[in-house]
Amino acid sequence: MRSELFGTLPDGSPVHRWTLERAGVRVRVLAYGGIVQSVEVPDRSGRVAPVALGFEGLDGYLGHPGPYFGALVGRYANRIAGASFVLDGHTYSLARNNGPNALHGGGRGFDKQVWDAEAVGEYGVRLSRVSPDGEEGYPGRLAVSATYTLDGSGALRIAYEATTDAPTVVNLTNHTYWNLAGAGAGSALGHRVRIDASRLTPVDGGGIPTGEYEDVAGTRFDFRETRGAGPGYDHNYVLDKGVTAGPVEVAALSDPGSGRVLTVSTTEPGLQLYTADHFAPDLPFAPGGGIALETQHFPDSPNRPRFPSTVLRPDGVYRSETVYGFSW
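In this report, we go over the structure that sits alongside the text. Sequence order sets the numbering: in each chain, residues are counted from 1 along the sequence as written. pLDDT decides what is reported in this predicted model: residues at 70 or higher carry local features, side-chain atom pairs at 80 or more are listed and counted, and totals for whole chains, interfaces and linings draw on all residues regardless. The basis for every side-chain value is the complete set of non-hydrogen atoms in the structure, without hydrogens or water.

### Observations concerning the sheet that holds strand S13 (residues 142-150)
Across the sheet, nine strands lie side by side as S11-S12-S13-S14-S28-S24-S23-S18-S21; this open sheet has antiparallel pairing. Bordering the open sheet on either side are strand S11 (116-120) and strand S21 (227-228), each of which pairs with just one other strand. Pairing between strands requires that DSSP locate at least two bridges from one strand to the other. Numbering of helices and strands starts at the N terminus; helices are DSSP runs of H or I of at least 4 residues and strands are runs of E of at least 2.

### Notes on the packing of aromatic side chains
Each pair of aromatic rings is reported with the distance of its centres and the angle of its planes. Put simply, two rings from Phe, Tyr or Trp (the six-membered ring, in Trp's case) pair if the centres are within 6.5 Å, and we call them stacked under 30 degrees between planes, edge-to-face over 60, tilted for the rest. Tallying each qualifying case throughout the model produces 19 aromatic pairs. The interplanar angle of 90° and the centroid separation of 5.1 Å between the aromatic rings of Phe55 and Tyr61 together place this pair among those described as edge-to-face. Just as Phe55 is buried, Tyr61 falls in that class too. The rings of Phe55, Tyr61, Phe69, Tyr177, Tyr274, Phe279 and Phe285 are connected pair by pair, giving a single aromatic cluster. Each ring is checked for a lysine NZ or an arginine CZ that lies within 6 Å of its centre and within 35 degrees of its normal; such an atom marks a charge sitting over the ring. Over the face of the ring belonging to Trp115 we find Arg129, whose NZ or CZ atom lies 6.0 Å from the ring centre. Positioned above the aromatic ring of Phe223 is the side chain of Arg227, whose terminal nitrogen or guanidinium carbon lies 4.0 Å from the ring centre. Note on classification: 1.4 Å probe, protein chains only; a residue is buried when its accessible area is under 20% of the maximum for its type, exposed when over 50%, partly exposed between these limits.

### Brief notes about the nonpolar core
In this structure, Val39, Tyr148, Trp178, Ile195, Tyr237, Leu262 and Phe326 are the most contacted members of the largest nonpolar core, which totals 53 residues. Per element, the largest residue contribution to this core is five residues, and it comes from S13. To qualify as a nonpolar core, a set must consist of buried Ala, Val, Leu, Ile, Met, Phe, Trp, Tyr and Cys residues joined through side-chain atoms within 4.5 Å. Within the second largest apolar cluster, 23 residues are counted, among which are Val15, Tyr32, Leu58 and Phe279.

Structure (structure tokens):
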């Protein structure tokens, strides 16, 4: 494992990159935004290629923040309706950065912060920071960490932990886009997908859940049996396993051409399937060039009492873990 200077922010802050290598897998993580900059794995013939969409330099991330390439997303992943919620009788107004709504933590969420970084053993790096009370409108001083580790099989484990000094809401995820044929190799929509979910949370035209659950049986949203991805997905799946103490495998993505397979295991109750249909023309990746599988609690949970709670209180600890496994 090694670290190196990756670039410098306009305010002069240095950004370091950490490289983890084990069992044929190489992962590079930035202290800026907790970004998974690259993941390199072999194909069935032993040819190594990057399979996570990212930029070669820091300017790419600064110039294209909207797609959240590889980012650690928080304080609240996905959308909160009307950029507000009520907690213990208090209404909190959040930064609006998605029309009238809050998305992925606001205009300067966790993906745009420089994190403190330290090595964890030979194959891991822990990123940590304190999100001050009121950051992007969220209450409570939140001490948060994300530990990226390669295990003996070459799987990437991301373990999140957070504590607060006042009641708040927390929902963290990683926003890597995967193209198992190789980053920049064209469309990933020919990949095959499996998601262990019998239901999803339907949304309105603004991507806000209606508060209901909808069966996927007999619809284009049913990925319980592996099949091709196709365009037009930006939906939260209600995982059949629910919330679990340890990671449980819930999804798989595969590329028949290269033989590469990605499995996703998580403690979270939901998974957002996003086929990246809206990449801007100035990006080096075409629409559909990567598929995101974002493990999470559900969008707008602070305003939806039927959904699993995302409330964190001072006497509790937020813990979440997701594992990305690779085979070829």
